[in-house]
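Fold and contact review
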Amino acid sequence: MTAVRKYPVLAALVLGAAFMVLPFVVVLMNAVKSPEEYSSDGPLSMPDGVYLDGLTDFWERVDFGQKLWNSVLISGSVALLAVVLSVLSAYAIGIGRIRGRPYVLAFFVLANMLPQESLVYPIYYLSKEAGLYDTRLSVVIVFTVVQSAFGTYLLSSVLGGFPREVIEAARIDGATKWQVLWRVVVPVSRPTIGVLMVLFFIWTWNEFLLPLVMLVSDDNQTVSVALGVLQGQRDMDATMTNAAALLGVLPAIAFFLIFQRTLTRGIAVGAVK
Amino acid sequence: MLKARRRARLLAAALAGALSLSTLAACGDSDDGGSGDGKTLRLWHYEGPDSAMGKAWAEAIKEFEDSHPGVKVEFEEKGFEQIQKTAPQVLNSDQAPDLMEYNKGNATTGQLSRQGLLTDLTEEAEKRGWADAVPPTVATTSRYDENGVMGDGAWYGIPNYAEYTMVYYNKDLFAEHGVEVPTTFAELEEALATFADAGITPFANAGAEYMAQQYLYQLALSQADKAWVDSFQMGGETDFSDAAWTYAAETFADWVDKGYIAENSSGTKAEDAGVSFIQGKHPMLFSGSWWFGRFQAEVQKFDWDTFLWPGSDLTLGSGGNLWVVPEGADNKELAYDFIDITMKKGIQNILGDNGGVPVAADPAAISDPQSQALIKDYTTLADGDGLAYYPDWPANGFYDSMTSETQKLITGSAEPGDVLKSLQSEYDENVLQE
């Protein structure tokens, strides 16, 4: 009985997984083709052999190691700082229950929905005035704020349902507000915080527009900006673009695989609540 | 005990945080290399290393460093989109390079020149002979008036190369079907009919991008003269119900009916059209010289060559992208020297040998016969003032209007007359007035 019910679901999942994986397979196939082979046989043919020049050429052309380091530095700092900031403000809003809470939250949601295009000029002028134009620090600051707007919103609602008995018990034992935050609230909310950190990292990793505008020098650019080098005005190098896409997505996949247990745990925790 | 360990951990975390912040700040302070010491030339362009321009300019950097001992060229390859999107901001900051490649046109170089972000190169162009080397039809995109409208005025950019459109054809397919290279428009239509009868769509086309509107504009140009082009491109006036436009729209629609242009090409991209030509699926492709180098490198299955659109003195084309010197550049003299090197025969010939169309090459020094023909055709056009620019130039947002209206011709969802009427209203509303 269970087997009968299981198989259609399984089949549907396999089909869904195939659809999800297919684009990656196409990218992988074309990343190891030579441009001539791509042009004469098209994107869907199997590669005749493994041609790795596209990968190595791209790596050298954009000094990919440097870009990788920049991306890790920026995304890592943003993930860490944004989570800290979110926890602090969510503690005030969710548990401290400050006055005008709904308005503050609404403001954060609004800030979160603001299209980035509208931020470009203000941020450009501010960072130029502050001497931070074309520095990685400027991008870190901007995304820490952008991501923590979402983080505050999410964490506040999670902490809003935090069992008050636990906090009161800690208070009775003589814990200060600061101690309640770091010894009670944060350890209990760790799964959610972990998810936030992973999400912030991946989101920041994938950001394109603001890094494109803010990071002018090659030495400061991130992976996603470096990929743009291959798109010419009227021409594109399809195989090298595929090679570059592969290089660009690998770190994010690796990061996801490493932290996937954190992610699923966080989702499950949210579900029970 | 437990407490002490916690505290130590907290301290470590705080330290790590402070450390990472300080490294970030340190990176931020890294000097921008831009000091007016005459020792570095900061150079940006967005051509791939294997393109004609990429190769020629790599050689130019070498020559520059040889002739300027002690001067270092700091070259950064940028993405086209990055330069497009961020040039005004970068040029307005102290991160501006000394020399960069930039797109020609009113909305790009014109706008920057109007905002005072580019150096007026007129004096250098006269002194160093660039003004004489660039033919007038190509120089149109180098000169901008005080409103940033191209045509005449001061020189703000120097082009190393030009571009124009032509028909690329598959010699093997032509031979197989007994088709000769057409020299008149009637012969072209005959050739098209022969291929269509054999079940082959003769023209590769891309309706979602620039290609389709270039067929349309070329058809109009075959019935037009220079005065018509000047009025349409710079005068801000054109009549889409005149003979040339009507002929173009009707012929284009007719060709789709007859199967000369595929009905299902309304959503395809230029890349698809180019690749299908390389695969030998279509005997002809009408497009720009920017494909030349790629076809030279990648077409392996057949012989190919090019011819100009038969029966037309005018074709699409213009000067290529420009070297511009930002107003905030620190080493302008070095930038001028570099431009000068790229205008010399040596670099110009490298451009020509790799499938580019140099503005001032020595045709006799080009060894490859295909490239020789490419440059010969260009000389014919430049001497006859035959470059008619691109159909989307005269009005804001006209590229999108052109694309969607030609798509209607391809799918047959609108009559040629209606298409022209929509184009007229879009043009009148958005045209850039001088």
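Residues numbered from 1 in each chain as written. Chains lettered and ligands numbered in written order. Predicted model: local features only at pLDDT ≥ 70, side-chain atom pairs only at ≥ 80, totals over all residues.

**Structural notes on the overall build of chain B**
What counts, and what does not: Here a strand is any run of E in DSSP of at least two residues, a helix any run of H or I of at least four, and the numbering for each starts at the N terminus. Here the contact rule is simple: place C-beta atoms from the backbone, and any two residues whose C-beta atoms are within 7 Å are in contact.
Across its full length, chain B carries 19 helices and 12 strands. The principal-axis extent of the C-alpha atoms belonging to chain B is close to 90 × 65 × 45 Å. Contacts spanning at least 24 positions in sequence make up 78% of the contacts within chain B whose residues lie at least 6 apart.

**Some details on the interface of chain B and chain A**
Filter applied, for reference: Gly falls in the polar group here, along with every residue not listed as nonpolar (Ala, Val, Leu, Ile, Met, Phe, Trp, Tyr, Cys, Pro) or charged (Asp, Glu, Lys, Arg).
Between chain B and chain A, the contact holds 32 residues from the first and 32 residues from the second. Contributions of two or more residues to the side of chain B that touches chain A are made by helix 1 (2–29), strand 2 (72–77), helix 3 (80–91), helix 13 (270–278) and helix 14 (292–298) of chain B. Among the elements that take part in the side of chain B that touches chain A, helix 3 of chain B stands out by supplying seven residues, more than any other. Taken together, the residues of the side of chain B that touches chain A break down into 11 nonpolar, 12 polar and nine charged.

**Structural notes on the pairing of strand 2 of chain B**
All names here are of chain B. Rules: The pairing criterion is simple: DSSP has to find at least two bridges between the two strands. Looking down the strands as they point away from you, a crossover is right-handed if its path from the first strand over the helix to the second goes clockwise.
Where strand 1 (residues 40–45) meets strand 2, six bridges bridge the pair, whose relative direction is parallel. Following the sheet pairing, Leu-41 is matched in strand 2 by Val-73. Once the chain exits strand 1 it traverses helix 2 (residues 52–67) before rejoining the sheet at strand 2, and the crossover so formed is right-handed.

**Description of the nonpolar core**
Residue and element names in this part refer to chain B. Filter applied, for reference: Nonpolar core, as used here: buried Ala, Val, Leu, Ile, Met, Phe, Trp, Tyr and Cys residues forming one set through C-beta atoms within 7 Å. Residue burial is a threshold on neighbouring C-beta atoms within 10 Å of the residue's own C-beta, all placed from the backbone, with 20 or more meaning buried, 12 or fewer meaning exposed, and counts in between meaning partly exposed. Boundary definitions for the domains trace back to an automatic or database domain assignment.
If you look at the biggest cluster of nonpolar residues, it comprises 187 residues, and the most contacted ones within it are Phe-252 and Phe-338. When residues of this core are assigned to domains, at least three map to each of domain 1 (40–161 + 320–361) and domain 2 (165–317 + 388–430). Beyond its immediate chain neighbours, meaning those up to four positions away, Phe-338 contacts Leu-41, Leu-43, Ala-60, Phe-64 and Leu-99.

**Describing the UniProt feature "transmembrane region" (unreviewed entry) in chain A**
All names here are of chain A. Keep this limit in mind: UniProt positions are given in the numbering used here, feature names are shortened, and annotations may be inferred rather than shown by experiment.
UniProt records the feature "transmembrane region" (unreviewed entry) for residues 7–29, 68–91, 103–125, 137–159, 180–205 and 240–259 in the present numbering. Along residues 103–125 one finds 87% helix and 0% strand; the C-alpha atoms at either end are 29 Å apart. Helix and strand shares over residues 137–159 are 100% and 0% respectively, and the end C-alpha atoms of the span are 30 Å apart.

**Section: the sheet that holds strand 2 of chain B**
Residue and element names in this part refer to chain B. In spatial order, the strands read 2-1-3-12-6; together these five strands make up an open sheet with mixed pairing. Looking along the sheet, the strands with just one partner apiece sit at the ends: strand 2 and strand 6 (158–159). Pairing of strand 1 with strand 3 (residues 99–102) involves two bridges; the strand directions are parallel. Among the inter-strand pairings, Leu-43 is bridged to a residue of strand 3, identified as Leu-99.

**So, the domain arrangement of chain B**
All names here are of chain B. Its domain assignment divides chain B into domain 1 (40–161 + 320–361) and domain 2 (165–317 + 388–430). Each partner contributes residues to the interface: domain 1 has eight residues there, and domain 2 has six residues. Across the side of domain 1 that touches domain 2, the residue classes tally to two nonpolar, six polar and no charged.

**With respect to the environment of Glu176(B)**
Position of Glu176(B) among the secondary structure elements: in helix 8 (residues 171–176). A sequence separation of 34 residues divides Glu176(B) from Ser142(B), and the C-alpha atoms of the two residues are 45 Å apart.

**Brief notes about the UniProt feature "domain: ABC transmembrane type-1" (unreviewed entry) in chain A**
Mapped onto this numbering, the UniProt entry gives "domain: ABC transmembrane type-1" (unreviewed entry) at residues 68–259 of chain A. For residues 68–259 of chain A, the end-to-end C-alpha separation is 19 Å, with 78% helix and 0% strand making up the annotated structure.

**A closer look at the environment of Val167(B)**
All names here are of chain B. Within the secondary structure, Val-167 sits in strand 7 (residues 162–170). C-beta crowding within 10 Å serves as the criterion here: with 21 such atoms nearby, Val-167 is assigned to the buried category. Beyond its immediate chain neighbours, meaning those up to four positions away, Val-167 contacts Met-284, Phe-286, Thr-306, Phe-307 and Trp-309.

**Section: the pairing of strand 3 of chain B**
Residue and element names in this part refer to chain B. On strand 3, burial covers both faces: Leu-99 and Glu-101 on one face and Met-100 and Tyr-102 on the other are all buried. In this sheet, strand 12 (residues 322–324) lies alongside strand 3 in antiparallel orientation, the contact comprising three bridges. By the bridge assignment, Glu-101 is partnered in strand 12 with Trp-323.

**Quick look at unusual backbone geometry**
Even without being a glycine, Asp134(A) presents a positive backbone phi close to 65°. Note that Asp134(A) resides in the loop between helix 6 (117–129) and helix 7 (136–160). Within the chain, Tyr389(B) stands out as a residue other than glycine whose phi angle is a positive 60°. Within the element layout of this structure, Tyr389(B) appears in the loop between helix 17 (369–383) and helix 18 (398–411).

**Let's talk about helix 16 (residues 345–353) of chain B**
Residues and elements named next belong to chain B. Considered for burial, the residues of helix 16 that qualify are Ile-347, Gln-348, Asn-349, Ile-350, Leu-351 and Gly-352. Those residues of helix 16 that are buried are in contact with helix 2, helix 15 (332–342) and helix 17. Just downstream of helix 16 lies Gly-355, where phi reads positive at about 90°.

**Regarding the packing of helix 10 (residues 210–221) of chain B against helix 12 (residues 243–258) of chain B**
All names here are of chain B. This is how it is decided: To define axes, lines are fitted to C-alpha atoms, for helices over the stretch in contact only, and angles between the resulting N-to-C directions are given on a 0 to 180 degree scale. Roughly parallel means an angle under 35 degrees; roughly antiparallel means over 145; roughly perpendicular covers 65 to 115; every other angle is labelled oblique. Helix crossings fall into two classes, left-handed where the near helix is turned counterclockwise from the far one by less than a right angle and right-handed where it is turned clockwise.
At a minimum axis separation of 8 Å, helix 10 and helix 12 run at an interaxial angle of 135°. Taken together, the axis directions place helix 10 and helix 12 in an arrangement best described as oblique. Considering the relative orientation of helix 10 and helix 12, their crossing is right-handed. Residues Tyr-215, Leu-216, Leu-219 and Ala-220 of helix 10 form the contact with helix 12, whose own contacting residues are Ala-244, Trp-245, Tyr-247, Ala-248, Ala-249, Thr-251 and Phe-252.

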